[in-house]
Structure formats: structure tokens, C-alpha cells
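Listed below are the residues making up each chain.
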Amino acid sequence: MARTHVRRVIGVLTTLVITLFAVLGLAGTAHAEDGYEYWNYFHEKNGAWEFSMDGVADYTPEDGAVEAFRYGTSTTSQGIEPRVDLTEVNFETICGSQEAGPGEKRVALILDYGTESDAGTPPQPRAACAVGDEKATTQQLLAEVGDVRVDSGMTCGIDGYPVKGCGVPVKNAEVPTDEETVAIELPADENAETSADAQPATAESSDEGSGLLWPLVGAGVLVLAIAGGGLALSRRNASA
């Protein structure tokens, strides 16, 4: 009887352990989520990133907006954010030197091409200021500052990256978090370029002035030499 009782207890415990592992296994499978490798699209809202629920062809940003793209693997519920320090890379640092005409708007665009583990060697992350019609969509503005490859309304490649593919499925996608920020190449300051262009002209004018001065100095020295020679000759004649 004792042995039978022990066997029953062991059997119950074994069943409980198997059930527990089965539940844990199902829970792990339930939390695993498939994803895609593609260009994630974000809006800047109050100094933070908001994963866009709209496609680039369906969203019309306002003047002064900051829109960002990050290539990498993510799920439909969790996008992979651009690695940008918004205290240093913002609308003013991107579009501060640009001007928009009547009926136009300025929108700052940030392009983070991701890491080498995604789709090869990515270009340097950069920012650009898109100036376009006030009713332009993000896709239209993006085409103003880069070469865009689109398929069925989806942004597949920017500036030739990646070369091929569009929204590649990824099983059990692992979305990185807490990534370090990277250096973003900002657009050139047009005002600074204008000042730099003006500087050589000033130096050139100065050089031209110096070029005119030296012949005058030489002529003056020649006149003094002739006058001195004439004076010496007149004194010699007087002595004779």
C-alpha cells in the first residue's frame, strides 16, 4: 500500500511538472512576434518619437514638422526608433537656414539607415530640409531630398538602400532597445556658405590692391634714384 501511494504521488508531481513546462512553452510562443525588415516611419512629438500609424503617402506633415525614417527589423506593434539626439538634431538645426515661399512649407527629415547587420553597409545617417507645397505628403517631400524606391505605396529604399527587397519578413523578430545615438550629417548652412564665398573676394581685392602698390613703390624708388643721380652729376660739374 505504501509503495502504491508513493507511486501515485510521484505520478501526480510528474504530471504537474509536465503541465508547467507546457504552459511556459505556450506562453513563450505566444509572446514571440514576427516582424519585418523595412523603413520604419516616425513623427517627432514633444521631443519624443511617435511610431506612425499612417503610410508616407497618406500623411501630410505641417510646416515645422520633424519626420524620421529608420531602417531595421521591427514588429507591427513596436517600431525601431532612429538613433537621434533631438536636443542637437531638430527643426532649427536642420531647416534654420532654409526659407519657404508663399504656399510652401519646410519639413525636417531624418534618415537613419540602420546597422551593418540589417542589409549590408549603410550610408552615413543624415538630415535634410524638404521645401515643398503646403499640401505635400511625406512621400512627396522625401522625394525632394533623396532617391526613393517605392512599391505598392510602401517605401522600399532610400538613396539606394537597401538595393533590393521590400518589407522582408523576419521570424521571431528581436527589436533592439536603448541604442546609443549616432552622428547625423546636417545640411550645410547656406548663410555660412555665403559668408565663406564672400571672404575670398575680399582677400582677392586686397591682393589686387597690393599688386597695384608695388609698381608705384618701384616707380618712386626709380624717380628718387634718377633725381639722386642728377644731383650728383650737377655737383660734379660745379666742382669742375
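Here is what the cut-offs are and how they apply
Residues numbered from 1 in each chain as written. Predicted model: local features only at pLDDT ≥ 70, side-chain atom pairs only at ≥ 80, totals over all residues. Heavy atoms only, no water. Salt bridge = Lys/Arg side-chain N within 4 Å of Asp/Glu carboxyl O. Helix = DSSP H or I, 4+ residues; strand = E, 2+ residues; numbered from the N terminus. Buried < 20%, exposed > 50% of the residue type's maximum accessible area, 1.4 Å probe, protein only. Pairing = 2+ DSSP bridges. Disulfide = S-S within 2.5 Å.

What to know about the pattern of salt bridges
For side chains of opposite charge, pairing can occur when their charged atoms come near one another. Inspection of the entire model under this criterion finds 5 salt bridges. For lysine 171, the salt bridge goes to aspartate 34, with nearest N and O atoms at 3.3 Å. Note that lysine 171 is positioned in the loop between strand 8 (168–170) and helix 5 (190–239) and aspartate 34 in the loop between helix 1 (2–31) and strand 1 (35–45), a separation of 137 residues in sequence. A cluster of three or more residues bridged by salt bridges with shared partners is formed by Arg70, Arg83, Asp112 and Glu179.

With respect to the pairing of strand 4 (residues 104–112)
The buried fraction of strand 4 amounts to 8 of the 9 residues, a majority that puts the element mostly inside the structure. With 5 bridges joining them, strand 3 (residues 66–74) and strand 4 adopt parallel strand pairing. Its bridge partner lying in strand 4, glutamate 67 is registered against leucine 109.

A look at the state of the cysteines
Inspection of every chain in the model, using the stated rule, returns 2 disulfides. Shown here is the disulfide that connects cysteine 95 with cysteine 129, its sulfur atoms set 2.1 Å apart. Residues cysteine 95 and cysteine 129 are joined through a disulfide that is right-handed, its torsion about the S-S bond being 115°. Of this pair, cysteine 95 sits in helix 2 (residues 91–95) while cysteine 129 sits in strand 5 (residues 126–133); the two residues are 34 residues apart in sequence, bridging distant segments of the chain. Of the two residues, cysteine 95 and cysteine 129, both sit in the buried class.

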